[in-house]
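# Analysis of the macromolecular model
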Amino acid sequence: MHSDLIHQLQAIVDSSADSDSNRTIARYLLTHLMTLDALSVQVIASACYASIATVSRFVRSLGYDGFAQLKQITVHYRHSVNASTSDYLEELPYTIGDREAVESYTENIADSLMRFQKDIPIDQLDHICQLIHDSDNVALYGFFQPGLLAKQLQFLFLSIGRYTESYDLVEDHEERARTMKKGDLAIFLSVDGNYVYGHGGAVVRMLRERGATLVLFTQNHDAAIREMFDEVLLLGTQDTKRAGYYKLQLATELLFSRYMKLYSPDAPLKA
C-alpha cells in the first residue's frame, strides 16, 4: 500500500545519516519529483553515485513494483498539484494591486468563516463523533490539501488512542476500500466535491457496496453527491475553494473538540 510519497521520502531524509545511500536517493527524488517521469533509473543512479540495483531496491522499499510504477504515480501527482495550486492565482488576482489582492482575499475568507460559524451543525458533529466512537474501523479520505487535514485529524485521534487510518493517494483509497465492511466508517474531506466527480467516485461506490457508513464534509450542495453518502456535513454556502478549505479546517477541528468533550475521560462534565 502506497503512502504519501513526499512524506515517505522526507521521513527517510530526516532519519538517515548523511552517508546513507537511501538518504541521497530520497533527496534526489524529492528535488526532481515534478520531472521524475522524464528521468531514467540509470540517470538517477549516476547522479546519486549508486548502482541501478540499489535504486531499484530503494523504489521497491517504498512499496512500488518498480521504477515505472513510481513514475506513473508522480505524473498523477503532478497533474493533481498543478490543478490545485492554480487556484491561488485565480483567487489572488494581483493585477488589481498586491495590497488590494491580499485584503480582498483575506476579507473573503473571514466573511465565509463568519457566515459558516452562525450555522455550524453542532448536533450533526456530535452524531459523527458517535459514529467514530462506535465504528469498528475508521478511515479518513482526502487528497492534496484536504488530505493534509485528514492526516492532521488522524494524528489527533491517534494521540488519544482512537485508531484511525488516512490515505493520500487514490491508489491507496481503492486498495483500502476493498477491505472495509459493514460496521466500518469512511469519512471523506472534499471542499468542492471534486473527489467524488473524479476517480474517487469509484471508491465511494465500492464502499457503499461493501456496506461501510459514508460521511462527507463539503461545501457542495449538489443533491446527486449527497445521495451517495449516508451523511453530509455542509460547510455553509458554496464559496471560493480557498475559503472552503478554511471552513473545512474549522469543521475538522470542531469535530475533534466535540469528540474530546463527549468521549475523553479528562473532559469536563457534560451539560
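Everything here concerns the structure above.
Scope of this entry: the structure provided in the associated data block. (Residues numbered from 1 in each chain as written. Predicted model: local features only at pLDDT ≥ 70, side-chain atom pairs only at ≥ 80, totals over all residues. Heavy atoms only, no water.)

A word on a negative patch on the surface. Among the surface-exposed residues, Asp98, Glu100, Glu103 and Glu107 lie close enough to one another that they form a single negatively charged patch. The topology assignment puts Glu103 in helix α6 (residues 98-117). (Patch = residues over 30% accessible without salt bridge, like charges linked within 9 Å, V, L, I, M, F, W, Y side chains within 5 Å. Areas by Shrake-Rupley, 256 points an atom, 1.4 Å probe, with all protein chains shown as cover. Salt bridge = Lys/Arg side-chain N within 4 Å of Asp/Glu carboxyl O. Lys, Arg positive; Asp, Glu negative; His and termini not counted. Charge placed at Lys NZ, Arg CZ, Asp CG, Glu CD. Helix = DSSP H or I, 4+ residues; strand = E, 2+ residues; numbered from the N terminus.)

Soluble globular proteins tend to bury their nonpolar side chains together. The biggest cluster of nonpolar side chains holds 27 residues, and the ones touching the most others in it are Ile128, Ile132, Ile187, Phe217 and Leu255. Those elements that place two or more of their residues in this core are α7 (122-134), β1 (138-141), α8 (145-159), β3 (185-189), β4 (213-218) and α13 (241-263). Contact partners of Phe217, with chain neighbours within four places excluded, come to Leu125, Ile128, Ile187, Phe188, Leu189, Ser190, Leu233, Leu235, Leu248, Ala251 and Leu255. Counting residues in each nonpolar core, the second largest holds 24 residues, with Val13, Ile44, Ala45 and Val59 among its members. (Core = buried A, V, L, I, M, F, W, Y, C linked by side-chain atoms within 4.5 Å. Buried < 20%, exposed > 50% of the residue type's maximum accessible area, 1.4 Å probe, protein only. Contact = heavy atoms within 4.5 Å.)

On to the side chain of Thr252. Residue position: Thr252 is located in helix α13. Judged by its relative accessible area of 5%, Thr252 falls in the buried class. In contact with Thr252, other than residues within four places in its own chain, are Leu153 and Leu189.

Attention now moves to the sheet that holds strand β2 (residues 165-167). Read across the open sheet, the five strands follow the order β2-β1-β3-β4-β5; overall the sheet is parallel. Across the chains shown, the open sheet's two edge strands, defined by having one partner strand only, are β2 and β5 (231-234). The mean inter-strand angle of the sheet, taken between neighbouring strand axes irrespective of direction, is 20°. As paired elements, β4 and β5 share four bridges and run parallel to each other. Bridge pairing in β5 places Phe217 opposite Leu233. (Pairing = 2+ DSSP bridges. Axes fitted to C-alpha atoms, helices over the stretch in contact; angles between N-to-C directions.)

Attention shifts here to the pattern of salt bridges. Per the counting criterion, the structure on display carries eight salt bridges. The salt bridge partner of Asp239 is Arg115, with a shortest N-O separation of 3.1 Å. One end of the pair, Asp239, is in the loop between β5 and α13; the other, Arg115, is in helix α6, with 124 residues separating them in the sequence. Put simply, Lys247 and Asp239 hold a salt bridge, and the shortest N to O gap is 2.8 Å. For the residue pair Lys247 and Asp239, the accessibility class agrees, reading buried in each case.

Moving on to the environment of Gln219. In this fold, Gln219 is placed in the loop between β4 and α12 (223-226). Given a relative accessible area of 0%, Gln219 falls into the buried group. In sequence terms Gln219 and Gly236 are 17 residues apart; their C-alpha atoms lie 6.1 Å from each other. Beyond its immediate stretch of four places on either side in the chain, Gln219 contacts Ser190, Val191, Asp192, Leu235, Gly236, Thr237, Gln238, Asp239, Thr240, Lys241, Gly244 and Lys247.

What follows is about the side chain of Ser135. The residue Ser135 is located in the loop between α7 and β1 in this model. For Ser135, a relative accessible area of 13% corresponds to the buried category. Setting aside residues no more than four positions away along its own chain, Ser135 makes contact with Arg162, Gly183, Asp184 and Leu185.

Now for unusual backbone geometry. Although it is not a glycine, Tyr49 sits at a positive phi angle of roughly 55°. By relative accessible area, which is 79% here, Tyr49 ends up exposed.

Attention now goes to α8. Spanning 15 residues, α8 covers 21 Å between terminal C-alpha atoms, matching the ideal 21 Å at 1.5 Å per step. Trailing α8 by a residue or two, Gly161 shows a phi angle of about 90°, which is positive. (Expected span 1.5 Å × (residues − 1).)

A word on the pairing of β4. Of all six residues making up β4, five are buried, and the element is well covered by its neighbours. Summarising the sheet, β3 and β4 pair through five bridges and their orientation is parallel. Directly across from Ile187, in β4, lies its bridge partner Val215.

Here the focus is the packing of aromatic side chains. Throughout the structure, instances matching the rule amount to seven aromatic pairs. Seen in terms of ring centroids, Tyr141 and Phe188 are 4.7 Å apart; in terms of plane orientation they differ by 10°. Their pairing is stacked. Residue Tyr141 is found in strand β1, and its partner Phe188 is found in strand β3; the two are separated by 47 residues along the sequence. What links up through ring pairs into an aromatic cluster is the set Tyr141, Phe188, Tyr195 and Phe229. (Phe/Tyr/Trp six-rings, centres within 6.5 Å; stacked < 30°, edge-to-face > 60°.)

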